[in-house]
Each structure stands twice: as C-alpha cells, then as structure tokens.
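A look at the structure
Single-letter residue listing:
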Amino acid sequence: GQNIDQPTEMTATEGAIVQINCTYQTSGFNGLFWYQQHAGEAPTFLSYNVLDGLEEKGRFSSFLSRSKGYSYLLLKELQMKDSASYLCAGSTYSGNTPLVFGKGTRLSVIA
Amino acid sequence: DAGVIQSPRHEVTEMGQEVTLRCKPISGHNSLFWYRQTMMRGLELLIYFNNNVPIDDSGMPEDRFSAKMPNASFSTLKIQPSEPRDSAVYFCASRGRDYNEQFFGPGTRLTVL
C-alpha cells in the first residue's frame, strides 16, 4: 500500500526557520520528492532524496531516513513568498509508476 | 521547451454538459498522468499512460470519466455528463524515461454549476 502523511497547516515568521515533516509507507519505496505549490498554480519540483541524509539547495534542504520512513523539508530565512503548499511524494522502483502524493502542508509566513 | 500544456485553463459549465480537457506533454516524455486536486482530497491520481497505453485507471471516479491518448503528444480527459462535485483543478503531468520527476501543466480549473 501507499500512504504519505504530513501536517495540514503550519505558520512561521519571516526570517525564521521551519521544518515540514513527512512520514511514508510505500511499497517498493525508491525516493522522496518535495514539491512547492503556490495558490492557483501547479506543483513545481523542489528536491529529490534517494539516499539517507541531508540535501542542501540554497535556503531549502531536504532530509531522508529510509529506515524510519521519514523525511523533512527545511526552509531557512523565510520570506513572504515562501507561503505555499508543500507536497511530499514517494516514488517506487517499479519503473514508470506515478508518484504518490501527500495532501500537502499549507505554510503561511507572517511578518 | 514549453513545458506541459493544458487547455482550457478555466472551464465553467452547467451540470449535464460534456467537458473535455486537453493536455500536451513535454516532447520526448513517455509517461502521462491525470490528477484532480480539491481542498478536501488533495492531489488524486485519476489515470496514467505509459507509451500512450493506459496502465492504471483505478482512480477514475466513475464511468462518466474517460481518458485517451491517441499519440505521444496529446491526451484528453472527458467528463460526460458533468456534475457539480466534479468541480476541481485538473492537472496533467508528464515524465521522461530517465527521470523520476513529474512535470506538471498549469491545470484546468473546472466549475460545474
């Protein structure tokens, strides 16, 4: 089966750091994606983790623990434009199968 | 590359009418996915194609929904007859053979009155 869980909403202050967690139970798990989706727009790719550990890309970092079925997205130096939904998605080894998406975490950045 | 192209971007129709959504995947991509997104249910996979062949349509909610991919550069999602509960944003996404990442189109916002 496939199951992705993440918090529904989070609020954080401009300039701060926020961590968005994601737990997954995915048969044949291969890797973990994070997508960003602004209101009224399409999801866009942020990061992809296959190996355990932290991947850093500018203000955004993503972590994966395969043994714990756990990932997080870390956003530093928050800006107002970071207000968006963040979708966690799992991929499998089975060739061209679709990503399994969580319902997304709606992040509000406040002044 | 223009990315995934969807049309129309917005569609308002009345209950009972037929609705056709269109998608052009990124050139060279061999997998195409149709999703529906609502506040309550999030992003739901409806159907996906590999090499123009439908692989899994278990997410299609009812027989009123159908999808086709007549060639590698075009797919349609049809709802007939449409109902108010079909109101949602419908996304098309494509993926290349050597990638795991799915690229999303801008979506079609469907409102059924």
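What this report covers is the structure whose coordinates are included nearby. All values reported here derive from a predicted model rather than from experimental measurement. (Residues numbered from 1 in each chain as written. Chains lettered and ligands numbered in written order. Predicted model: local features only at pLDDT ≥ 70, side-chain atom pairs only at ≥ 80, totals over all residues. Heavy atoms only, no water.)

1. Description of the overall build of chain A
Formally: Numbering of helices and strands runs from the N terminus, with a helix taken as a DSSP run of H or I at least four residues long and a strand as a DSSP run of E at least two residues long. Burial classes follow relative accessibility: with a 1.4 Å probe on protein chains only, a residue under 20% of its type's maximum area counts as buried, one over 50% as exposed, and anything between as partly exposed. Any two residues whose heavy atoms approach within 4.5 Å are treated as being in contact. Here the Shrake-Rupley method, with its probe set to 1.4 Å, supplies the accessible areas, and only the displayed protein chains count as covering residues. Two residue types count as positive, namely Lys and Arg, and two as negative, namely Asp and Glu; His and chain ends fall outside the count. Every charge is mapped to an atom, namely NZ of Lys, CZ of Arg, CG of Asp or CD of Glu.
Across its full length, chain A holds zero helices and eleven strands. Walking chain A from its N terminus toward its C terminus, one meets helices and strands in the order β-β-β-β-β-β-β-β-β-β-β. Scored against the burial criterion, the 111 residues of chain A give a buried share of 50%. Counting only contacts in chain A whose residues sit at least 6 apart along the sequence, the fraction spanning at least 24 positions is 56%. Carbon and sulfur atoms provide 51% of the accessible area of chain A, an area that totals close to 5300 Å². Considering chain A, the positive charge centre built from 8 side chains and the negative charge centre built from 9 side chains are found 3 Å apart.

2. Topic: the pairing of strand 4 (residues 29-37) of chain A
All names here are of chain A. Convention followed: Here the rule is simple: two strands pair whenever DSSP picks up at least two bridges between them.
Burial of strand 4 is extensive: nine of the nine residues sit out of reach of the surface. The pairing of strand 4 with strand 9 (residues 84-92) spans eight bridges and is classified as antiparallel. Looking at the pairing, Trp34 lines up with Cys88 of strand 9. Bridge count for strand 4 against strand 5 (residues 44-49) is five bridges, and the pairing is antiparallel. From the neighbouring strand, Leu32 faces strand 5, where its bridge partner is Asn49. Linkage of strand 4 to strand 5, two consecutive antiparallel strands, is achieved through a turn of six residues, within which Gly40 is found at a positive phi near 80°.

3. As for the pattern of salt bridges
All names here are of chain B. Filter applied, for reference: What counts as a salt bridge is simple: a side-chain nitrogen of Lys or Arg found within 4 Å of a carboxyl oxygen of Asp or Glu.
Per the stated rule, a full pass over the model turns up eleven salt bridges over all chains. For the salt bridge of Glu18 with Lys78, the shortest nitrogen-to-oxygen distance reads 3.8 Å. Highlighted residues: Glu18 in the loop between strand 2 (10-13) and strand 3 (19-24) and Lys78 in strand 8 (residues 74-79), separated in sequence by 60 residues. Each member of the salt-bridge network shares a partner with another, and the members are Glu62, Arg64, Glu83, Arg85 and Asp86.

4. Some details on the packing of aromatic side chains
The way to describe two aromatic rings as a pair is by their centre distance and the angle between their planes. Test applied: Only Phe, Tyr and Trp rings are paired, with Trp represented by its six-membered ring, and only when their centres lie within 6.5 Å; those with planes under 30 degrees apart are stacked, over 60 edge-to-face, the remainder tilted.
Evaluation of the coordinates by the stated rule reveals 16 aromatic pairs over all chains. On the basis of an interplanar angle of 85° and a centroid distance of 6.3 Å, the ring pair of Tyr35 of chain A and Phe45 of chain A is categorised as edge-to-face. Here Tyr35 of chain A is found in strand 4, whereas its partner Phe45 of chain A is found in strand 5, with ten residues between them in sequence. Phe45 of chain A sits in the partly exposed class, given a relative accessible area of 29%. An aromatic cluster is present here, built from Phe33, Tyr35, Phe45, Tyr48 and Phe101 of chain A together with Phe33, Tyr35, Tyr48, Phe91 and Phe104 of chain B joined pairwise through their rings.

5. With respect to the state of the cysteines
As a reminder of what qualifies: The rule for a disulfide is simple: a pair of cysteine sulfur atoms within 2.5 Å.
A complete count under the given rule lists two disulfides over all chains for this structure. Disulfide pairing is shown between Cys22 of chain A and Cys88 of chain A; the S-S distance is 1.9 Å. Handedness here is read from the sign of the S-S torsion; for Cys22 of chain A and Cys88 of chain A, about -70°, the answer is left-handed. Of this pair, Cys22 of chain A sits in strand 3 (residues 18-26) while Cys88 of chain A sits in strand 9, placing them 66 residues apart in sequence. Both residues of the pair, Cys22 of chain A and Cys88 of chain A, count as buried. A sulfur-sulfur separation of 1.9 Å characterises the disulfide bridge that pairs Cys23 of chain B with Cys92 of chain B. Because the sign of the S-S torsion sets the handedness, a value of about -70° for the bond joining Cys23 of chain B and Cys92 of chain B places this disulfide among the left-handed ones.

6. Considering the interface of chain A and chain B
Selection rule: Throughout, the accessible surface (probe 1.4 Å) given up by two parts as they are put together, summed over both, is called the buried area. Each polar contact in these results corresponds to two N or O atoms within 3.5 Å; when the atoms are within protein, one needs to be able to donate a hydrogen and the other to accept it, and residues that are neighboring in sequence are counted only if both atoms are side-chain atoms. Polar here means any residue outside two lists: the nonpolar Ala, Val, Leu, Ile, Met, Phe, Trp, Tyr, Cys and Pro, and the charged Asp, Glu, Lys and Arg; Gly therefore counts as polar.
Taken together, the 20 residues of chain A in the interface contact 21 residues of chain B. Buried area between chain A and chain B, both sides added, is near 1600 Å², and the carbon and sulfur share of it is 52%. For chain A, the biggest contributors to the area lost against chain B are Asn96, Pro98 and Phe101 of chain A; these three give 35% of the whole. One can count zero salt bridges joining chain A with chain B. On inspection of chain A and its partner chain B, the count reaches four residue pairs in polar contact (both at pLDDT 80 or more). Where the side of chain A that touches chain B is concerned, the elements lending two or more residues are strand 4, strand 5 and strand 9 of chain A. At four residues, strand 4 of chain A tops the list of elements feeding residues into the side of chain A that touches chain B. Residues of the side of chain A that touches chain B, tallied by class, amount to ten nonpolar, seven polar and three charged.

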